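Chain and residue survey
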Amino acid sequence: MKVIKLHFLGDYVHFIRHKGTTDSYTTQISESSVQGEHEHRRLKVRRKRTNFINPDQQMVKMDMRESAIRRIVQELVSIGVHVPGVELQAGNSDTHAPESTGTTPILPSEHHSVVKSERNVVYLCVWQLENPDDDAVQGFACNLRAHLIERMVALYPGDNRDSPSSFVAIDQDRIYEHATMQINFTTYDLQRDQDIIHANTSKTGVMVYTPGVSAEEPTALDHPWSYTTVLRIFHANIVYVRGPGLITKQRVDFVWLRWHWADTFGFVDPSSIIRGSHYIPAFHHGRTPDLLRPSTVRDACGDWTYYYVNR
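These figures come from a predicted structure and were not determined experimentally.

About the thresholds
- Residues numbered from 1 in each chain as written.
- Predicted model: local features only at pLDDT ≥ 70, side-chain atom pairs only at ≥ 80, totals over all residues.
- Heavy atoms only, no water.
- Helix = DSSP H or I, 4+ residues; strand = E, 2+ residues; numbered from the N terminus.
- Buried < 20%, exposed > 50% of the residue type's maximum accessible area, 1.4 Å probe, protein only.
- Contact = heavy atoms within 4.5 Å.
- Areas by Shrake-Rupley, 256 points an atom, 1.4 Å probe, with all protein chains shown as cover.
- Pairing = 2+ DSSP bridges.
- Axes fitted to C-alpha atoms, helices over the stretch in contact; angles between N-to-C directions.
- Parallel < 35°, antiparallel > 145°, perpendicular 65-115°, else oblique.
- Nonpolar A, V, L, I, M, F, W, Y, C, P; charged D, E, K, R; others polar.
- Salt bridge = Lys/Arg side-chain N within 4 Å of Asp/Glu carboxyl O.
- Core = buried A, V, L, I, M, F, W, Y, C linked by side-chain atoms within 4.5 Å.
- Patch = residues over 30% accessible without salt bridge, like charges linked within 9 Å, V, L, I, M, F, W, Y side chains within 5 Å.
- pLDDT = per-residue confidence, 0-100.

As for the overall build of the protein chain
Each helix and strand in the protein chain was counted, giving five helices and 15 strands. Relative to its 311 residues, the protein chain shows a buried fraction of 35%. Considering only intrachain contacts with a sequence separation of at least 6, the fraction spanning at least 24 residues in the protein chain is 57%. Counting only carbon and sulfur atoms, one obtains 56% of the accessible surface of the protein chain, whose full area is about 20,000 Å².

Here we look at the sheet that holds strand β1 (residues 112-113)
Here three strands make up an open sheet; going across it, the order is β1-β5-β6 and the pairing antiparallel. Looking at the sheet topology across the chains shown, the edges are occupied by β1 and β6 (192-198). Inspection of the sheet shows strand β5 (residues 180-186) paired to β6 by seven bridges, in the antiparallel sense. Each bridged residue has a counterpart across the sheet, and for I183 the counterpart in β6 is D195.

Overview of the packing of helix α2 (residues 39-48) against helix α3 (residues 55-78)
Running from N to C, α2 and α3 point in directions that differ by 110°, and their axes come no closer than 9 Å. Here α2 lies roughly perpendicular to α3, going by the angle between them. Along its contact with α2, which presents L43, R46 and R47, the element α3 presents P55, D56, M59, M62, D63 and E66. Its residues placed into classes, the contact of α2 with α3 shows four nonpolar, no polar and five charged.

Points about the pattern of salt bridges
In the structure shown here, the tally under the stated rule is ten salt bridges. Measuring nitrogen to oxygen at the nearest pair gives 2.6 Å for the salt bridge that ties R232 to E177. One end of the pair, R232, is in strand β8 (residues 223-243); the other, E177, is in strand β4 (residues 174-178), with 55 residues separating them in the sequence. Comparing R232 with E177 shows no difference in burial state: the two are buried. Salt-bridge contacts for D253 lead to R251; the nearest nitrogen and oxygen are separated by 2.8 Å.

A short note on the nonpolar core
Among the nonpolar cores identified, the biggest contains 25 residues, and F140, L144, I175 and W256 are the most heavily contacted of them. Of all elements in the fold, only α4 (124-130), α5 (140-155), β3 (167-170), β8 and β9 (246-259) reach the threshold of two or more residues within this core. Counting residues per element, this core draws most heavily on α5, which supplies seven residues. Formed by 13 residues, the second largest nonpolar core is a distinct cluster that contains V114, I183, V206 and V268.

Comments concerning a nonpolar patch on the surface
Residues I72, L76, I79 and V81 make up a contiguous nonpolar surface patch of about 350 Å² in total accessible area. Along the chain, I79 falls in the loop between α3 and β1.

Considering the confidence of the model for the protein chain
With 78% of its residues at a pLDDT of 70 or more, the protein chain shows a mean pLDDT of 80. The secondary-structure element of the protein chain with the lowest mean pLDDT is helix α1 (residues 12-19), recorded at 76, while β4 shows the highest, at 94. Every residue in residues 30-34 scores below 50 in pLDDT, and together they form eight contacts with partners more than four places removed in sequence or on other chains. Contacts of residues 89-102 to residues separated by more than four positions or lying in other chains number 23 contacts, the stretch itself having pLDDT below 50.

Laid out in structure tokens, this is it:
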């Protein structure tokens, strides 16, 4: 979407004069903010709402109903009737809102967003008992508590993590899983953009801020980032006891991932994620079962031996 199309070169000069430079305009949306190259997403959402028996006719009827509802809303707004969910901008009478595509736009000032749902519950003890031979799962709870302690000490610098009166308790010993997470980042040409990290799909590669870590010597300052794969996205409701009479309750988002440079597992604060990354397996090196025993987070055929980082 960010590379000029070859068939467009003939109109390039005229387009710049008419619309401005191509880095200030996108064909993903149109001036009406309704159609454009993202229009196919609305069609996919509508198709899911059908029973897949003559779906085209059902989608046409949906469009007709939506058009009728928009006309009714415009008439009500024009006579001063407040319609819940409709916020009109000055000088704009377009009340159409695009259908949801599964994600909610986040403010540019926010670094990331994880939904507030607590529908998908993971009981830590049960999960580890169900996977006794999985190296990735065993030790998960202990490592998670160590990560949460580090996060809380960083949030409250005056606290002593080694104090016997300081500890973190996970509410009801359960955490909550999420399918996606949105990350705002700045592109190399200083433009704002957003990545969607989708667990259990191919969109799980990320670049994480890790100052002072390198593949050859983890304690050396090599470069300020590392490439890793997101395994799952969680949040937990915790109780942080800072000392006698000092108790803090809060929600903590965290990402469970697999480090490529050390082939280990760990947790990071989502705010440490710089942006998404695209990894391409080095197919000519093949797969190997030596990096990790059979696991719920590994392909049955083994791991790819090497990857190329596309971005």
